[in-house]
Amino acid sequence: DTTYTESTCGNSLSKCNTQAYVAALNAANYCGHSDWRMPSEEELSSIVDFGRPNPIINPIFSHTQSNRYWSASPNAGANSLAWVVYFGNGATYDGGKYDNHYVRAVRAGQ
């Protein structure tokens, strides 16, 4: 059982910003790994399967909500926005960084 400090996540991962969330996963050696990161908009969009009904995501990615997920991709034109992928219809859009959306961390890779 891992305890998260007030400075990282307010004792709850649901209260984290994306940076603190990923830091908490890495500090906890989540699933035996400490190389977690946020996916880019392109990476997150690559798991959208337009041949499936809601949620439109390959079932191999279980526990995915038919909802909005943050990417690590900022909007180059506006510092307060980042790209979001909506798994209800596969759309991508820029969302305000203050908005509450889901997070799907990925491993750093080889």
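Here we summarise the structure given alongside this text. The shown structure was predicted, so the numbers you read here are calculated from the model rather than taken from an experiment.

Thresholds, definitions, all that
All residue numbers refer to position in the chain's written sequence, counted from 1. In keeping with the predicted nature of the model, local features appear solely for residues at pLDDT of at least 70, side-chain atom pairs appear and are counted solely at 80 or more, and the whole-chain, interface and lining totals rest on all residues. Hydrogen atoms and water are omitted, and side-chain values are computed over all heavy atoms in the structure. Strands are runs of DSSP state E lasting at least 2 residues, helices are runs of H or I lasting at least 4, and numbering of each runs from the N terminus. Relative accessibility decides the category of a residue: with a 1.4 Å probe and only protein chains considered, values under 20% of the type maximum give buried, values over 50% give exposed, and everything between is partly exposed. Every residue pair with non-hydrogen atoms within 4.5 Å of one another is taken to be in contact. All accessibility values rest on the Shrake-Rupley procedure with a 1.4 Å probe; residue burial counts only the protein chains present in the view. Between 30 and 60 degrees the pair is tilted, below 30 it is stacked and above 60 it is edge-to-face, where a pair is any two Phe, Tyr or Trp rings, Trp via its six-membered ring, whose centres lie within 6.5 Å. Two limits define a charge over a ring: the Lys NZ or Arg CZ must be within 6 Å of the ring centre, and within 35 degrees of the ring normal. Between any two strands, pairing holds if DSSP finds at least two bridges. Only the stretch in contact is used when a helix axis is fitted, and all axes are lines through C-alpha atoms; the angle between N-to-C directions ranges over 0 to 180 degrees. In what follows, salt bridge is the name for a side-chain nitrogen of Lys or Arg lying within 4 Å of a carboxyl oxygen of Asp or Glu. Any pair of N or O atoms that falls within 3.5 Å is considered a polar contact. Within protein, one atom must be able to donate a hydrogen and the other to accept it, and sequence-neighbouring residues count only if both atoms are side-chain atoms.

### Looking at the overall build of the protein chain
Secondary structure assignment for the protein chain yields three helices and five strands. Starting at the N terminus, the α and β elements of the protein chain follow one another as α-α-β-α-β-β-β-β. Residue burial in the protein chain is summarised as follows: out of 110 residues, 30% are buried. Contacts in the protein chain between residues at least 24 apart in sequence constitute 45% of all its contacts with a sequence separation of at least 6. For the protein chain, the exposed area adds up to about 6900 Å²; of that, 48% sits on carbon and sulfur atoms.

### Considering the packing of aromatic side chains
With the rule as written, the count across this model stands at three aromatic pairs. Aromatic pair Y69 and F87: ring centres 5.2 Å apart, planes at 70°, arrangement edge-to-face. In this pair, Y69 sits in strand β2 (residues 68-74) while F87 sits in the loop between β3 (81-86) and β4 (92-96), placing the two residues 18 residues apart along the sequence. Taken individually, Y69 and F87 each receive the classification buried, so the pair is uniform in this respect. The ring of Y86 is capped by R68, whose NZ or CZ atom sits 4.5 Å from the centre of that ring.

### Details of the sheet that holds β3
With antiparallel pairing, the three strands of this open sheet are ordered in space as β2-β3-β4. Taken across any chain shown, the strands that pair with only one partner, and hence form the sheet edges, are β2 and β4. Neighbouring strand axes in the sheet, compared pairwise and without regard to direction, differ in orientation by 45° on average.

### What to know about the pattern of salt bridges
Summed over the entire model, instances satisfying the criterion amount to three salt bridges. Salt-bridge contacts for R107 lead to D35; the nearest nitrogen and oxygen are separated by 2.7 Å. Within this pair, whereas R107 is found in strand β5 (residues 106-107), its partner D35 is found in the loop between α2 (18-27) and β1 (36-37), the two being separated by 72 residues in sequence. Residue classification places D35 among the partly exposed positions, given a relative accessible area of 24%. The closest approach of N and O atoms between D49 and R52, which form a salt bridge, is 3.1 Å. Overall, the relative accessible area of 24% leaves D49 in the partly exposed class. Overall, the relative accessible area of 34% leaves R52 in the partly exposed class.

### Quick look at the pairing of β4
Sheet topology note: the β3/β4 ladder contains five bridges and is antiparallel. Its bridge partner lying in β4, L81 is registered against G96. Connecting β3 to the antiparallel partner β4 that follows it, the hairpin turn spans five residues, and G90 within it adopts a positive phi of roughly 85°.

### Some points on α2
Within the span of α2, buried status applies to A20, V22, A24 and L25. Among the residues of α2, the N-terminal cap falls to N17, whose side-chain oxygen and the backbone nitrogen of Q19 are separated by 3.1 Å. Where α2 ends, the next residue or the one after it, N29, has phi of about 55°, a positive value.

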